[in-house]
Amino acid sequence: MNNLRRIQEVMTDYSRATGALTSVMDEHYEPIPEASDETGKSFCRSCPKYKEDYDQSCRLMHIEAIHQAQNQGGVCIYHCATGVCFWTSPLFSRGPDRFSGALIGASRPEDKDIKAMADLLLICAESLSDGAGEYYQLLRRRAEQRNALEEERLKLQDQSPESYPLDTEQALLEAIRRGDTQGAGNLLNQILGYLLFVSPQSFDDVKLRAQELAALFPRAGHFSPPLMKLRQARDTEELIDILHCTVESMAAENHSFQGVCHKKALRKAEMLIRENYHRKITLKEIAAYAGLSVPYFSTIFKQEMGETLIAYLNRIRIENASRLLAETDLPLSEIIDTSGFEDQSWFSKTFKAYTGISPQRFRRQGGVTSHTISEQNLSEAYREALSK
């Protein structure tokens, strides 16, 4: 158990501030009398069910609520059979892997500030749990994700979708590139909602589709699609959290243009490239469209975008080609043409340089590769060629 004296001081202050009765449980879910003037059992002693039913019913109710708190952002509000309102938050020691007990508050249901008292108890639990601050953030984050996906599931029940939302996927990639963190998160929820709706019992299917989606994520500074993390995910909640954290990080880092002095010019250039990457497009044409000279445009593009124009254009083309290879049966020659490459030899060389495997193998593997489509994969010789 965490420092008992410290717990006593915190819970005494909490009781004085809120007027709530409190209890502290140890790692075996037993009340600790020394931790508070009012332990869980002493509070329950006024209940006629106490003598006959505490261990079999009431104690199990508190244990279940503590477990629920970990699924609801770190706090759970619940009622017993006699109408008493309780709320609880778990305690951890030396990080999130060691459960060390729980705090419990109690009051009559007519009290109007129960939600506020429960939130304050969570703050107390965080302050008493050494090294577990990030874990409480994780609990809250996953609770928010769970609620958002439940909303998407309810929408899909009415719509009965028949096919994967490719348009939503493309909108998600664009939102990441322009730095729209909220929009990207909402679009990701729509896609995840669909995957969970069509495969509610198949974690392996959802994991595979999640990896396919992540393989399409654009490069974002030092962030890369988390394919290895996704493969190692142990459950759906962990999988969803990995995707959300990655999308948020990428959107915040990649092409947000915040603080960029040439924001308007670079946005115009990016729009021209996105709409015309399938054809031959020159540096001179892009610079002119952006309203800058060729030398100056080349300099600021690399400074602000983190890569040369050629590297950026090649990456956009490879991202498109990888999507077509994974999602369509189009012949390779047609994919090469629609992705803006002039011959198969150069396409194959560039594709392997960015992804680590050949286009044919990429298609056989269903669009999954251990590499990310990133300039970081390129050899020194290839990097040097692109930098010129």
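The rules behind the values
- Residues numbered from 1 in each chain as written.
- Predicted model: local features only at pLDDT ≥ 70, side-chain atom pairs only at ≥ 80, totals over all residues.
- Heavy atoms only, no water.
- Helix = DSSP H or I, 4+ residues; strand = E, 2+ residues; numbered from the N terminus.
- Expected span 1.5 Å × (residues − 1).
- Buried < 20%, exposed > 50% of the residue type's maximum accessible area, 1.4 Å probe, protein only.
- Lys, Arg positive; Asp, Glu negative; His and termini not counted.
- Salt bridge = Lys/Arg side-chain N within 4 Å of Asp/Glu carboxyl O.
- Contact = heavy atoms within 4.5 Å.
- Pairing = 2+ DSSP bridges.
- Polar contact = N/O pair within 3.5 Å; in protein donor to acceptor, adjacent residues only side chain to side chain.
- Core = buried A, V, L, I, M, F, W, Y, C linked by side-chain atoms within 4.5 Å.
- Disulfide = S-S within 2.5 Å.
- Phe/Tyr/Trp six-rings, centres within 6.5 Å; stacked < 30°, edge-to-face > 60°.
- Lys NZ or Arg CZ within 6 Å of the ring centre and 35° of its normal.
- Axes fitted to C-alpha atoms, helices over the stretch in contact; angles between N-to-C directions.

Novice: Please explain helix α10 (residues 236-253) as it appears in this structure.
Specialist: Residues spaced three or four apart along an α-helix face the same direction, because each turn holds 3.6 residues. The end-to-end C-alpha distance of α10, which contains 18 residues, comes to 26 Å, matching closely the 26 Å that a straight helix rising 1.5 Å per residue would cover. Those residues of α10 that sit buried are E238, L239, I240, D241, I242, L243, H244, T246, V247, M250 and A251.

Novice: Can you walk me through the side chain of R142 in this structure?
Specialist: With respect to the helices and strands, R142 occurs in helix α5 (residues 133-159). Salt bridges are absent for the buried R142, whose nearest opposite-charge side chain, D241, sits at 4.1 Å. Not counting residues within four places of it along the chain, the set of residues in contact with R142 comprises E237, E238 and D241.

Novice: Before we go on, may I ask you to explain the pairing of strand β3 (residues 85-92) in this structure?
Specialist: Looking along a regular strand, one sees side chains alternate from face to face of the sheet. Where burial is concerned, most of β3 is hidden: eight out of the eight residues are buried. Side-chain alternation along β3 places C85, W87, S89 and L91 on one buried face and F86, T88, P90 and F92 on a second face that is also buried. The pairing of strand β2 (residues 76-79) with β3 spans four bridges and is classified as antiparallel. Note on β3: the bridge partner recorded for Y78 is F86. Counted along the chain from β2 to the antiparallel partner β3, the turn is five residues long, and its residue G83 has a positive phi close to 95 degrees. Bridging between β3 and strand β4 (residues 99-107) involves eight bridges; their strand directions are antiparallel.

Novice: Is there a simple way to explain helix α16 (residues 344-355) in this structure?
Specialist: Relative to the 16 Å expected for 12 residues at 1.5 Å per residue, α16 spans 16 Å between its end C-alpha atoms, a close match to the ideal helical length. The distance from a side-chain oxygen at the start of α16 to the backbone nitrogen of S345 is 3.2 Å, and the residue carrying that oxygen is D343. A positive phi of about 95 degrees marks G356, the residue just after α16.

Novice: When you look at the nonpolar core in this model, what are you seeing that I'm missing?
Specialist: Nonpolar side chains tend toward joint burial in soluble globular proteins. By size, the foremost hydrophobic cluster in this structure holds 42 residues, and its most contacted members are M11, Y14, F86, W87 and L103. Secondary-structure elements contributing two or more residues to this core are α1 (4-18), β1 (21-25), α3 (50-71), β2, β3, β4, α4 (114-128) and α5. The biggest single contributor to this core is α4, with eight residues. By size, the runner-up hydrophobic cluster in this structure holds 30 residues, among which are L173, Y194, F217 and V247.

Novice: It is not clear to me how the state of the cysteines should be interpreted in this structure. Could you clarify?
Specialist: A covalent bond between the sulfur atoms of two cysteines is what we call a disulfide. Counted by the stated rule, this structure contains zero disulfides. C85 carries a free sulfur, and the closest cysteine sulfur to it, the one in C80, is 9.3 Å from it. Assessed through its relative accessible area of 1%, C85 is described here as buried.

Novice: How should I be thinking about the packing of aromatic side chains in this particular structure?
Specialist: The description of an aromatic ring pair uses the distance of the two centres, along with the angle that the planes make with each other. As enumerated under the stated definition, the model contains nine aromatic pairs in all. Each ring, one from F92 and one from F99, has its centre 6.3 Å from the other, and the planes form 75 degrees; the classification is edge-to-face. Given a relative accessible area of 2%, F92 falls into the buried group. The interplanar angle of 65 degrees and the centroid separation of 5.1 Å between the aromatic rings of F341 and F347 together place this pair among those described as edge-to-face. Note on accessibility: F341 and F347 belong to one class, buried. One Lys or Arg, R209, reaches over the ring of Y164 and ends 4.4 Å from the middle of that ring. Here the basic side chain of K268 rests over the ring of Y289, its NZ or CZ set 5.3 Å away from the ring centre.

Novice: Looking at this model, I keep getting lost on the sheet that holds β3. Mind explaining?
Specialist: Across a sheet, strands are paired by hydrogen bonds formed along the backbone, either parallel or antiparallel in direction. A sheet is described by the order of its strands in space; here four strands give the open sequence β1-β4-β3-β2, paired in antiparallel fashion. Sheet topology places β1 and β2 at the edges, where each strand pairs with a single neighbour. Mean inter-strand twist for the sheet, computed between neighbouring axes without regard to direction, equals 25 degrees. The sheet strands contacting α1 are β1, β3 and β4, and the helix crosses β1 at an angle near 155 degrees. Each of β2, β3 and β4 touches α4; the most contacted strand, β3, lies at about 15 degrees to it.

Novice: Before we go on, may I ask you to explain the pattern of salt bridges in this structure?
Specialist: Side chains that differ in charge, positive against negative, can pair when their charged atoms come close. Enumeration over the complete set of coordinates arrives at 13 salt bridges. A salt bridge links E150 to R153, with the nearest nitrogen and oxygen atoms 2.7 Å apart. Of this pair, E150 and R153 both sit in helix α5, three residues apart, which is roughly one turn of the helix. Judged by its relative accessible area of 34%, E150 is partly exposed. When the shortest N-O distance is used, the salt bridge between E285 and R279 registers 2.5 Å. Note on E285: relative accessible area 30%, which makes it partly exposed. Among the residues examined, R279 registers a relative accessible area of 29% and is labelled partly exposed. Salt bridges linked by common partners bring E307, R315 and E319 together as one network.

Novice: For this particular structure, what's the right way to read the environment of L325?
Specialist: Note that L325 resides in helix α14 (residues 309-327). Spatially, the C-alpha atoms of L325 and Q360 are 8.4 Å apart, while their sequence positions differ by 35 residues. In this structure, L325 is in contact with L332, I335, F351, P359, F362 and R363, ignoring residues within four places of it in sequence.

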